[in-house]
Amino acid sequence: MNTVGNDIRITLWGSSHGSHIGCVLEGVRGGLELDTGRIAAEMSLRRPSPGIGTPRREDDEVLFLSGVTEGITNGDPISIMIANKDTRSKDYEQFRHRPRPGHADLTAIIRNPNHDIRGGGMFSGRMTAPLVAAGAVCRLGLEEQGVDVGAFTRGIGDVSDPQQRVLDDCRDSRSFDSRACNKELDERMVKAIMSASSEGDSLGGVVECQVENLPIGVGEPWFDTLDGELAKNMFSIPAMRAFEIGDGILSSRSRGSVMNDPFSLTGNEVFTTTNHHGGVLGGRSSGMPLVFRCFFKPTPSISKVQSTVDLESMKNVQLKIEGRHDPCIVPRAVAVVEAMTCHCIYDMMSRGGFLEN
Ligand SMILES: Cc1cc2nc3c(=O)[nH]c(=O)nc-3n(C[C@H](O)[C@H](O)[C@H](O)COP(=O)(O)O)c2cc1C
């Protein structure tokens, strides 16, 4: 239910305005040295930037309650806990009977009348904080296998990055609030977010993720394919609406002679001279960089007046949303996409017997 993964499992708990949120990360080997500075750096990339993110301020200090002894994993389940300190729950009570269009309020309340509505409860983007911490631990495990993961903002609203990008660009994006790859794109994306926000509206966009140095063959047939498992991890991120691997959508309008990536050799190493397939063939890694995109919808909580229903009076009503929200989820979602990718790849490598150690 709230668990993802097979060998490396994340079980998520908590709610947006509860005292704490956290997760239990199971299956990580003992002996991994946790670099708390790097984990804090990953957390800061998920934090909202002034002007283009929610004004809610959380320090997101990550506490490891178990599974770590003197900074080194001990092989036990790793309990991760983060405090919620900056909550304003009164803004949310009305959504119990007047659900926000585009948000999870309606489905949550109908399925469970006791749902914790404060801050969106368990459906809040806040829940992605422990996922980023768990992903940072998985990243340390991947690095010792030589596997590198990065992501950046490919587009926000109608501002789109047309260039082909590599992992160095993903690293560069860490310096920019929008997580675009350069200053010019960052300025245009920030401006687009601010413009939508000033009109009481929100924007969606696209995160691209890349993984390098995966060995050939990671992924299990039929139903636990690498692309299938990646999609599952990505769709667990709130507001994620579509998943594309390689030239996925373009390929549906193209020809085999264009989309088939020719094989070639460097010494005894097989590679493809192009990468339309995005690094997965037959549900398994091909040895080429994994390239996929996650498409996010605009933030549902906007301050424009919207139509909804009142579930007590059973009347159509108008809703004005107060409270603090991200006018665009995308810049913060980049860190979450990276984290869930680190988790998925680490899990799939373990399942396929690829982890050396
Ligand atoms: C990092 C992050 C931050 C988010 N912030 C907000 C927010 O401030 N306001 C909001 O209405 N939704 C926000 N969301 C999106 C909602 O959580 C999401 O749309 C909602 O739970 C419904 O789920 P669905 O869009 O996947 O159907 C955020 C999502 C993420 C990943």
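Every value quoted in this text rests on a predicted model; they were computed, and no experiment measured them.

S.K.: Explain the overall build of the protein chain residue by residue, including any values.
M.R.: Scanning the protein chain from N- to C-terminus turns up 9 helices and 18 strands. The C-alpha radius of gyration of the protein chain comes to 21 Å, within 12% of the 21 Å expected for a compact globule of 357 residues. Taking the principal axes of its C-alpha atoms as reference, the protein chain extends roughly 70 × 50 × 40 Å. Taken across its 357 residues, the protein chain has 45% of its residues classed as buried. Within the protein chain, counting contacts between residues at least 6 apart in sequence, those at least 24 apart form 71% of the total.

S.K.: Could you give an account of helix α1 (residues 36-46), naming the residues involved and the relevant values?
M.R.: When we look at burial in α1, the residues that qualify are Ile39, Glu42, Met43, Leu45 and Arg46. End-on, the buried residues of α1 take up no more than an arc of 155 degrees, which puts them together on one face. Next to the buried residues of α1 lie α3 (128-143) and α9 (330-351).

S.K.: An account of the site of the ligand is needed here, citing residue identities and associated values.
M.R.: Around the ligand, 21 residues are found, and the nearest of them are Phe123, Gly125, Pro238, Ser301 and His325. The residue inventory of the shell around the ligand, partitioned by class, reads 9 nonpolar, 9 polar and 3 charged.

S.K.: Quick rundown of the packing of helix α6 (residues 226-235) against α9? Include the residues and the values.
M.R.: Running from amino to carboxyl end, α6 crosses α9 at an angle of 145 degrees, the nearest separation of the two axes being 9 Å. α6 and α9 meet at a crossing whose hand is right-handed. Taken together, the residues of α9 that come into contact with α6 (itself represented by Leu226, Glu229, Leu230, Asn233 and Met234) are Val337, Met340, Thr341, His343, Cys344 and Met348. Tallied by class, the residues present in the contact of α6 with α9 amount to 7 nonpolar, 3 polar and 1 charged.

S.K.: Can you tell me about the sheet that holds strand β3 (residues 20-26), naming the residues and giving the values?
M.R.: The pairing of strands in a sheet happens through backbone hydrogen bonds and is either parallel or antiparallel. Pairing is antiparallel across the open sheet formed by 5 strands, whose spatial order is β1-β2-β3-β7-β4. Lying at the two open borders of the sheet, with one neighbouring strand each, are β1 (3-4) and β4 (63-66). In this sheet, strand β7 (residues 78-83) lies alongside β4 in antiparallel orientation, the contact comprising 3 bridges. Bridge pairing links Phe64 to Ile80 in β7. α3 rests against β2 (9-14), β3 and β7 of the sheet, and its axis sits at about 30 degrees to β3.

S.K.: Describe in detail the sheet that holds strand β11 (residues 240-245), supporting the description with residues and values.
M.R.: In spatial order, the strands read β9-β8-β10-β16-β11; together these 5 strands make up an open sheet with antiparallel pairing. A single partner strand is all that each edge strand has here, and the edge strands are β9 (159-160) and β11. As paired strands, strand β10 (residues 205-212) and strand β16 (residues 290-296) are joined by 7 bridges and run antiparallel to one another. Its bridge partner lying in β16, Gln210 is registered against Val291. Relative to the sheet, α9 contacts β8 (148-156), β10 and β16, its axis offset from that of β8 by approximately 150 degrees.

S.K.: Explain the environment of Asn213 to me, and be specific about the residues and the numbers.
M.R.: With respect to the helices, strands and loops of the structure, Asn213 is situated in the loop between β10 and α6. If sequence neighbours within four positions are ignored, Asn213 has contacts with Gly146, Val147 and Asp148.

S.K.: Residue-level account of unusual backbone geometry, with values.
M.R.: Going from Pro221 to Trp222, the amide bond is cis rather than trans, its omega being -20 degrees. Looking at where Trp222 falls in the secondary structure, it is placed in the loop between β10 and α6. The phi angle at Asp60 is positive, at roughly 55 degrees, despite the residue not being glycine. Positive phi values are uncommon outside glycine, yet Arg179 reaches one of about 70 degrees. For Arg179, the location among the structural elements is in the loop between α4 (167-173) and α5 (183-198).

About the thresholds
- Residues numbered from 1 in each chain as written.
- Predicted model: local features only at pLDDT ≥ 70, side-chain atom pairs only at ≥ 80, totals over all residues.
- Helix = DSSP H or I, 4+ residues; strand = E, 2+ residues; numbered from the N terminus.
- Rg over C-alpha atoms; globule rule 2.2 N^0.38 Å.
- Buried ≥ 20, exposed ≤ 12 C-beta atoms within 10 Å, placed from the backbone.
- Contact = placed C-beta atoms within 7 Å.
- Arc of directions from axis to C-beta.
- Near = placed C-beta within 6 Å.
- Nonpolar A, V, L, I, M, F, W, Y, C, P; charged D, E, K, R; others polar.
- Axes fitted to C-alpha atoms, helices over the stretch in contact; angles between N-to-C directions.
- Left-handed = near helix turned anticlockwise from the far one by under 90°.
- Pairing = 2+ DSSP bridges.

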